[in-house]
Amino acid sequence: MRHLAFTALCAALAASPATPPAADSPSRPGSPTIAVLCNRLIDGASDRASGRSAVLITGDRIVGVGKPDIVPKGTEVIDLGDVTLLPGFIDLHSHPLIGSDSYQVDHLKMSSAYKALKGLHAVQENLKYGWTTLRIAGDADVYYAHLDVRRAIDEGMFVGPRLTGAGHYISVTGGGGDINFAAPEQHLIADGLIADGVEEIRKVVRTEIKFGSDWIKLLVTGAFMSTGDSPGDVHFTPEEIRAAVEEAGRRRVPVMAHAHAAEGVKQAILAGVRTIEHGTFVDDEGIKLMVERGVYFVPTISVGTWYIENGSNVPEMQKMVDLSRKTQADYVKRVGKAIHAGVKIGLGTDFGGYNAEHNAREFAELVRAGMTPMQAIQAGTRVGSEALGWQDRVGTIAPGKLADLVAVAGDPLADIGALERVSFVMLGGKVIPRGR
Ligand SMILES: [Zn+2]
């Protein structure tokens, strides 16, 4: 009896706005329609902004978009005035459980429960700054804490952004997901999942999916932040990458590949991954392959800029600071080449350890690399939704989509920095309070 009551409660909570329902699910019956008015609207699909506009919302869905005269008499109106209204932002590369520069030491010190609480706080902070959807690029907890954060949000216990992604970053022994600073006699559990050889790869991919990962994340090359490895080295063999893609594909789970070295980028594309993360040293051939195969590229520029500008007083992060200072200018040029070649580029921040307020800087970085402000906005909205396969529910302001909206003061087409000044957030038709 108690079990039945609990099941019924879960079913009721699961219908909360944080759960991405299928595109054809109806709005909640009986919900009143509200109208959000703004002076400028960027819908994520059109290449032009509209002037004074209204968005009609019933329940968690957008039901109409147009001039203010579409608002029926007697409708509750939220008039935001001189703002630009945009689709909720989508971050394709986030690590909410990572909370400081000493993230691998933190991993050893913090329980899974504590990481879950910190991660919940982090994703709620992201939401306040307009990030209504996050794809987690693997995270630093053996027990999948962030997938439980997602579950708690989806069940309606907490308000938080829509979450999707990988349980862990999968790494070779001695790679970016391993603890490489401990003495050989210490038997530590790494922050990533360690797999060597095709059979172990198959096993960890199956384990990830068993515990709820809806993406697989591979550290194909070394990393910038971890101790004891180099982003210029390719770690997995082509056979191992192919095995991961094949195994994930059996369950219709896509693969994201962390790849800095040019050779690693190409091996991952040829193996069939859906997205390339970072791509710091991508070459012309890699760019051509991404275009040919329709692979999404998720550069993460602003995290490097953050460390270049702010440095770090943590010794293990000096590698990140030094490498970013050495490589960042050429990296921005390579991203520019990819933009001009027509690669599908989604926005990713590599969030982890700094204030969520900094995340929207990535839009400005994409503009610095060569995008128009409108292209950068689309990278962080519509293109992100397409990379996720969620274009039926988020990423644009259009009838039938979930009512995830962000407003910023000013005009981001004139000043892309306006996206760092979010004044209003709506998630699934509900206004998110801005205060602490
Ligand atoms: Zn990352």
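Starting from 1, residues in each chain are numbered consecutively following that chain's sequence as written. In view of the model being predicted, local features appear only for residues whose pLDDT reaches at least 70, and side-chain atom pairs are presented and counted only at 80 or more, with totals across whole chains, interfaces and linings using the full set of residues. Excluded from the side-chain calculation are hydrogens and water; included are all heavy atoms of the structure.

Caption draft 1: Region of interest: the coordination of the zinc ion. Distances from the zinc ion to its protein donors, His93 (NE2), His95 (NE2) and Asp350 (OD), fall at 2.0 to 2.2 Å. Counted as donors are N, O and S atoms no farther than 2.8 Å from the metal, or 3.2 Å for Na, K and Ca; water is not among the atoms, and sites may therefore look incomplete. Sequence positions of the donors to the zinc ion reduce to the motif H-x1-H-x254-D. Pair noted here: His93 is in strand S7 (residues 89-94) and Asp350 is in the loop between strand S16 (344-345) and helix H11 (361-369), with a separation of 257 residues, a long-range link. Of the two residues, His93 and Asp350, both sit in the buried class. Runs of H or I in DSSP of at least four residues are treated as helices and runs of E of at least two as strands, each being numbered from the N terminus. Between buried and exposed lies partly exposed: a residue is buried under 20% and exposed over 50% of the maximum accessible area for its type, with that area taken using a 1.4 Å probe on protein chains only.

Caption draft 2: Spatial organisation of the sheet that holds strand S17 (residues 405-409). Any two strands between which DSSP finds at least two bridges are classified as paired. Pairing within the open sheet is mixed, and its 5 strands lie in the order S2-S6-S17-S18-S19. Edge positions in the sheet fall to strand S2 (40-41) and strand S19 (430-431), since each has one partner strand and no second. Where strand S6 (residues 83-87) and S17 come together, 5 bridges link them in antiparallel fashion. The partner of Val83 across the bridge, within S17, is Ala409.

Caption draft 3: How the structure looks around the nonpolar core. If you look at the biggest cluster of nonpolar residues, it comprises 90 residues, and the most contacted ones within it are Ile170, Ile216, Leu218, Ile276, Met290, Phe363 and Leu419. At 8 residues, helix H10 (residues 318-341) tops the list of elements feeding residues into this core. Here, two residues are considered to be in contact whenever any of their heavy atoms come within 4.5 Å of each other. Non-local contacts of Ile276, meaning those with residues more than four positions away in its chain, are made with Ala257, Val265, Ala268, Ile269, Met290, Val295, Tyr296, Phe297 and Val298. Each nonpolar core is a collection of buried residues, namely Ala, Val, Leu, Ile, Met, Phe, Trp, Tyr and Cys, held together in the definition by side-chain atoms within 4.5 Å. One finds Val55, Ile397, Ala403 and Leu405 within the second-largest nonpolar core, a separate group that totals 15 residues.

Caption draft 4: Quick look at the layout of surface pockets. Of the grid points, spaced at 1 Å and generated over the protein atoms alone, those admitting a 1.4 Å probe that cannot get out make up cavities, while open sets with protein on both sides within 12 Å along at least five of seven lines make up pockets; any residue with an atom within 4 Å of a point is treated as lining. Grid points are joined across faces, edges and corners, and a volume is the space filled by probe spheres set on the points. Roughly 230 Å³ of volume is contained in the largest pocket. Along its surface, the largest pocket is lined by 13 residues, and Gly99, His121, Ala122, Phe351 and Tyr354 are the ones closest to its centre. Three categories are distinguished: nonpolar for Ala, Val, Leu, Ile, Met, Phe, Trp, Tyr, Cys and Pro, charged for Asp, Glu, Lys and Arg, and polar for the others, with Gly belonging to the last. Looking at side-chain class alone, the lining of the largest pocket contains 7 nonpolar, 4 polar and 2 charged residues. Estimates place the volume of the second largest pocket at around 190 Å³. Every residue lining the second largest pocket is listed: Ile339, Gly342, Val343, Lys344, Ile345, Met371, Gln375, Gln378, Ala379, Arg382 and Val383. Of all the elements in the fold, those that place two or more residues in the lining of the second largest pocket are S16, helix H12 (373-379) and helix H13 (382-388). For the lining of the second largest pocket, the element with the highest residue contribution is H12, accounting for 3 residues. Tallied by class, the residues present in the lining of the second largest pocket amount to 6 nonpolar, 3 polar and 2 charged.

Caption draft 5: Geometry of empty space enclosed by the protein. Throughout the structure, instances matching the rule amount to 2 cavities of 30 Å³ or more. What the largest cavity holds in volume is close to 370 Å³. Lining of the largest cavity is provided by 27 residues; of these, Phe224, Met225, His258, His278 and Asp350 occupy positions nearest its centre. Here the element with the most residues in the lining of the largest cavity is H10; it accounts for 5 residues. Residue composition of the lining of the largest cavity, by class: 11 nonpolar, 14 polar and 2 charged. The calculated volume of the second largest cavity comes to roughly 60 Å³. Every residue lining the second largest cavity is listed: Leu97, Ile98, Gly99, Tyr103, Asp106, His107, Met110, Lys115 and Ala140. Residue contributions to the lining of the second largest cavity peak at 3 residues, all from helix H2 (residues 103-109). Of the residues contributing to the lining of the second largest cavity, the split by class is 5 nonpolar, 2 polar and 2 charged.

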